[in-house]
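# Structural characterization, general
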Amino acid sequence: MEQIKILFFLLTSFFAFEKGHIAADKTTVTVHPDKQEIVIVQEGLFTVIQSGKDSTLVLEQWDNIFHWKENNTPWAKDLDSFSVKSFDLTGTQNTIRPKITLKYSNEESLRALGIWYNPEKNQYSINHIPEHNLKTKAGELNGNYWNFEGGNTFSFTLEPFLQMPERYQKSKVPLDELLAK
């Protein structure tokens, strides 16, 4: 079974950055098997700033993400099997919400995201990692796996930074604040 990837809650990991620094407090993942589409919406973008260099790097990464089409910012290699990839920013005042939509031609592609499909059971599964604080109404926890019915759209949310170590918590800066400076 594949491990669920940090890709879901590390925005910069969707793009080909070596060391990404922009993460999300909360990520909602929705899989639409009928459309062969997965939609990832992130909320509460933040970074951990430990030096002046970090601020500069995050601002450069944000510029490359914000202007991804104009800059031809490449997608991460892990996403090569997805036939269509799109990225949009939505939000309200002082709130940025990235939305990534990925189209796939077969369920094997989902393994790159840590989602496994069992055709015999017509069931999707992901590893249960308590620290990710996964919540869902559509899935069922069976041992170490969350299982979802194959014929239905399902979604789950992840909040992996609820128990962030204190030394990082002190250096955590909302992206909106950093961009406002």
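One structure accompanies this document, and this report is about it. In this text the structure is predicted, and so the values were computed from the model without any measurement.

### Notes on the pattern of salt bridges
Using the criterion set out here, one finds six salt bridges in the structure. A salt bridge links glutamate 108 to arginine 111, with the nearest nitrogen and oxygen atoms 3.8 Å apart. Residues glutamate 166 and lysine 170 are paired through a salt bridge, measuring 3.7 Å at the closest nitrogen-oxygen approach. We note that glutamate 166, like lysine 170, is exposed. Where salt bridges share partners, they join Lys35, Glu37 and Lys103 into one cluster.

### Re the sheet that holds strand S8 (residues 145-149)
Read across the open sheet, the four strands follow the order S5-S6-S8-S7; overall the sheet is antiparallel. Because the sheet does not close on itself, it has two edges, and the strands there are strand S5 (116-118) and strand S7 (140-142). With strand direction ignored, the average angle separating the axes of adjacent strands in the sheet is 35°.

Cut-offs applied
Residues numbered from 1 in each chain as written. Predicted model: local features only at pLDDT ≥ 70, side-chain atom pairs only at ≥ 80, totals over all residues. Heavy atoms only, no water. Salt bridge = Lys/Arg side-chain N within 4 Å of Asp/Glu carboxyl O. Buried < 20%, exposed > 50% of the residue type's maximum accessible area, 1.4 Å probe, protein only. Pairing = 2+ DSSP bridges. Helix = DSSP H or I, 4+ residues; strand = E, 2+ residues; numbered from the N terminus. Axes fitted to C-alpha atoms, helices over the stretch in contact; angles between N-to-C directions.

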